[in-house]
Amino acid sequence: AAGLKYFGAATDTPGQRERAGLEAAYPQYDAILADNDMFGSTTPTNGQKWLFVEPEQGVFNFTEGDITADLAAEQGKILRCHALVWHSQLAPWVEATEWTPETLTEAITLHVQTVAEHYKGQCYAWDVVNEALNEDGTWRESVFYEVLGEDYIKLAFRVASEADPEAKLYYNDYNLERPGAKVNGALRIVEMLQEDGIRIDGVGMQAHFTAGGAPSLDEQIEVIESYAALGVEVALTELDVRLETLPPTEETLALQKEDYKNAVAACAQVDACVGVTVWDFYDPFSWVPYTFEGEGAALLWFEDFTVHPAYNGVIAAL
Ligand code: XIL
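Rules and cut-offs
- Residues numbered from 1 in each chain as written.
- Predicted model: local features only at pLDDT ≥ 70, side-chain atom pairs only at ≥ 80, totals over all residues.
- Helix = DSSP H or I, 4+ residues; strand = E, 2+ residues; numbered from the N terminus.
- Rg over C-alpha atoms; globule rule 2.2 N^0.38 Å.
- Buried ≥ 20, exposed ≤ 12 C-beta atoms within 10 Å, placed from the backbone.
- Contact = placed C-beta atoms within 7 Å.
- Pairing = 2+ DSSP bridges.
- Right-handed = clockwise from strand over helix to strand, strands pointing away.
- UniProt positions renumbered as here; feature names shortened; annotations may be inferred.
- Core = buried A, V, L, I, M, F, W, Y, C linked by C-beta atoms within 7 Å.
- Axes fitted to C-alpha atoms, helices over the stretch in contact; angles between N-to-C directions.
- Left-handed = near helix turned anticlockwise from the far one by under 90°.
- Nonpolar A, V, L, I, M, F, W, Y, C, P; charged D, E, K, R; others polar.

Quick notes on the overall build of the protein chain
On a plain count of helices and strands, the protein chain comes out with 13 helices and nine strands. Its C-alpha atoms give the protein chain a radius of gyration of 19 Å, within 12% of the compact-globule value 20 Å for 318 residues. Looking at the protein chain residue by residue over its 318 residues, the buried ones come to 47%. Expressed as a percentage of contacts within the protein chain between residues at least 6 apart in sequence, the contacts between residues at least 24 apart total 80%.

Right, here's the structure in full:
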């Protein structure tokens, strides 16, 4: 892994698997995840999101998030933390409350402070703000944006930097892997914070791709370099490459392998890109079939625990 500090996998908790109608225990899965030569870092797929950590205003619950944080500590893995302020998987009370700018500022401050302090010293990085941009680079509508405008982004980063001075603070989003309007939006966020003297350390490219549809190696390198030019680091934070048609064929799996290889290679080839996280590694645990109807097989291990051709693409690129 010439240029990479880590290669890792997001993971969910047994409780979340059960809620998805799956078995709770998967010893083969646990053994693969435990291999630090394969996965030197991890991220809770869901457990640190607002819905789980502050389900009622001022009532915090770190049970789900701690499962993955503790696993990282026990196994000596780097932990990426995800995500402090996001319009999705929000606790319902956040959208149900009639806010003023003052009361929402207080609520965001308490949330970010309490969560970042709880995990203080454990997170290599925090996704402080997730998905604040539309595809055309304009600000996405959300309860946060509606009440506070772009100031909510400044607030979240300011509070996070005080609460956990060691964690790298990231702006994270999807479709940030190919030059264009949304990438320009992310660059604007970095500059906006820097101009106000607020710390931002990284841009997270989620990297949710479709097989055959990922940006080229050169496009990805160009984008990574454009973030790096502003003095921030970069990571691929949620890499997966879904097949748009199932079942998988030799052809679609070959396209997928190429896309995985290019994504990992782009990060490995640019110094500023520190690491790659796949958004879980075992197909039955992927978010893809729940979100993109009829699509799937997006990860590196099939249901029967054999590997995709893409596994070898990743190994070749590391
Ligand atoms: C997904 C999880 O994987 C699912 O289990 C959950 O139901 C929905 O969220 N962008 C993100 C991630 O930043 O947090 C999302 O994770 C996938 C898209």
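Looking at the environment of F39
Checked against the element boundaries, F39 lands in the loop between α2 (27-34) and β2 (41-44). Considered as a pair, F39 and I78 are 39 residues apart in the sequence and their alpha carbons are 9.3 Å apart. Leave out the neighbours within four places in its chain, and F39 touches F7, G8, A9 and L33.

Description of the pairing of strand β9 (residues 273-278)
For a regular strand, the rule is simple: side chains alternate between the two faces of the sheet. A large share of β9 lies buried, amounting to six of its six residues. Bridging between strand β1 (residues 6-11) and β9 involves four bridges; their strand directions are parallel. Counterpart to Y6 in the pairing with β9 is G275. Judged from the four bridges that link them, strand β8 (residues 233-242) and β9 form a sheet pairing that is parallel. Looking across to β9, one finds that L236 is bridged to V276. At this point the chain moves from β8, through helix α11 (residues 250-269), to the parallel β9, and the crossover so formed is right-handed.

Some remarks on the UniProt feature "domain: GH10" (unreviewed entry) in the protein chain
Per the UniProt record, "domain: GH10" (unreviewed entry) is annotated on residues 16-317. Along residues 16-317 the backbone is 43% helical and 16% strand, and the end-to-end C-alpha distance reaches 32 Å.

Notes on the nonpolar core
Ranked by size, the top nonpolar core spans 92 residues in total, and within it W126, V128, A156 and A160 carry the most contacts. Residues in contact with V128, not counting those within four places in the same chain, are L84, V85, A156, F157, A160, L169, Y170 and Y171.

Some words on the packing of helix α6 (residues 101-118) against helix α8 (residues 151-163)
At a minimum axis separation of 9 Å, α6 and α8 run at an interaxial angle of 35°. Here α6 runs over α8; the crossing is right-handed. Along the contact surface, α6 presents T105, I108, T109, V112, Q113, A116 and E117, while α8 presents Y152, L155, A156, V159, A160 and A163. Within the contact of α6 with α8, the residues separate by chemical class into nine nonpolar, three polar and one charged.

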